[in-house]
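# Architecture at a glance
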Amino acid sequence: SVLYYDGLVYMANGGGIVTAVDAVSGDRVWQDRIGGVFSATPLAGDEKVYLFSETGETVVLAAGSSLSILARNDLGEPVVSSPAVSDGRIFIRTEQALIAVGE
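Keep in mind the model is a prediction, meaning the values are calculated, not measured. (Residues numbered from 1 in each chain as written. Predicted model: local features only at pLDDT ≥ 70, side-chain atom pairs only at ≥ 80, totals over all residues. Heavy atoms only, no water.)

What follows covers the pattern of salt bridges. What the rule picks out here adds up to two salt bridges. Between Lys-48 and Asp-46 there is a salt bridge, with its nearest N and O atoms 3.3 Å apart. Classification of Asp-46 by relative accessible area gives exposed; the value is 62%. A salt bridge links Arg-72 to Glu-57; the nearest nitrogen and oxygen atoms lie 3.0 Å apart. Placement of Arg-72 in strand β8 (residues 69–74) and of Glu-57 in strand β7 (residues 57–62) is noted, with a sequence separation of 15 residues between them. By relative accessible area, Glu-57 is classed as partly exposed at 21%. (Salt bridge = Lys/Arg side-chain N within 4 Å of Asp/Glu carboxyl O. Buried < 20%, exposed > 50% of the residue type's maximum accessible area, 1.4 Å probe, protein only. Helix = DSSP H or I, 4+ residues; strand = E, 2+ residues; numbered from the N terminus.)

Right, let's get into the nonpolar core. Formed by 14 residues in total, the largest nonpolar core has its most connected members in Tyr-10, Val-18, Leu-51 and Leu-61. It is strand β2 (residues 8–12) that provides the largest number of residues to this core, a total of three residues. Not counting the four nearest positions on each side in its chain, Val-18 is found in contact with Met-11, Ala-12, Trp-30, Gln-31, Asp-32, Ile-34, Leu-51 and Leu-61. Core analysis: the second largest hydrophobic core is formed by eight residues, Tyr-50, Phe-52, Val-79 and Ile-90 among them. (Core = buried A, V, L, I, M, F, W, Y, C linked by side-chain atoms within 4.5 Å. Contact = heavy atoms within 4.5 Å.)

As for its placement among the helices and strands, Thr-94 is situated in the loop between β10 (89–93) and β11 (98–101). Placed eleven residues apart in sequence, Thr-94 and Pro-83 show a C-alpha to C-alpha distance of 9.7 Å. In contact with Thr-94, not counting residues within four places along its chain, are Leu-75, Glu-77, Pro-78, Val-79 and Ile-99. Among the polar contacts made by the side chain of Thr-94, one reaches the side chain of Glu-77 at a distance of 2.8 Å. (Polar contact = N/O pair within 3.5 Å; in protein donor to acceptor, adjacent residues only side chain to side chain.)

In this section: the sheet that holds β10. Here we have three strands laid out as an open sheet, ordered β9-β10-β11, and antiparallel in their pairing. Single-partner strands in this sheet number two, and they are β9 (84–86) and β11. Each strand of the sheet is rotated relative to its neighbour by a mean of 25°, with strand direction disregarded. Looking at chain direction, β9 and β10 are connected through three bridges and run antiparallel. Bridged to Val-85 within β10 is Ile-90. (Pairing = 2+ DSSP bridges. Axes fitted to C-alpha atoms, helices over the stretch in contact; angles between N-to-C directions.)

In this section: the pairing of strand β4 (residues 28–33). Looking at chain direction, strand β3 (residues 17–22) and β4 are connected through five bridges and run antiparallel. Opposite Ile-17, over in β4, you have Arg-33 as the bridge partner. In textbook terms, the turn of a hairpin is the stretch between consecutive antiparallel strands, and for β3 and β4 this stretch comprises five residues, one of which, Gly-26, has a positive phi near 80°.

Attention shifts here to the sheet that holds β7. Taken in spatial order, the four strands make up an open sheet running β5-β6-β7-β8, and their pairing is antiparallel. If you trace the sheet from one side to the other, it starts and ends with β5 (43–45) and β8, each paired once. Adjacent strand axes in the sheet meet at a mean angle of 20°, parallel and antiparallel pairs treated alike. When β5 meets strand β6 (residues 48–52), the two strands line up antiparallel, connected through three bridges. Counted as the bridge partner of Ala-44 is Val-49 from β6.

Here's what the structure looks like:
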């Protein structure tokens, strides 16, 4: 799945390659291998892009014109479903649990 956020289109593939493309011109802004296998839809907000890997790692990127990994968080279980957002929380369904992140 792809994500549009603040003028860029972000995508991550099964080979752990993440790409940001300018939404108007279609030009690649950056691309890099960050590891992981990604099938869940990325999520964005608060100037961050969240990627959820099938191994259960959440990778948080700074949104923008260069790759900056802000955090890597291991959820301890596989994640293959796309996240949901409600009332300022991110809901992530793992293989065995539903995790709510936020206040």
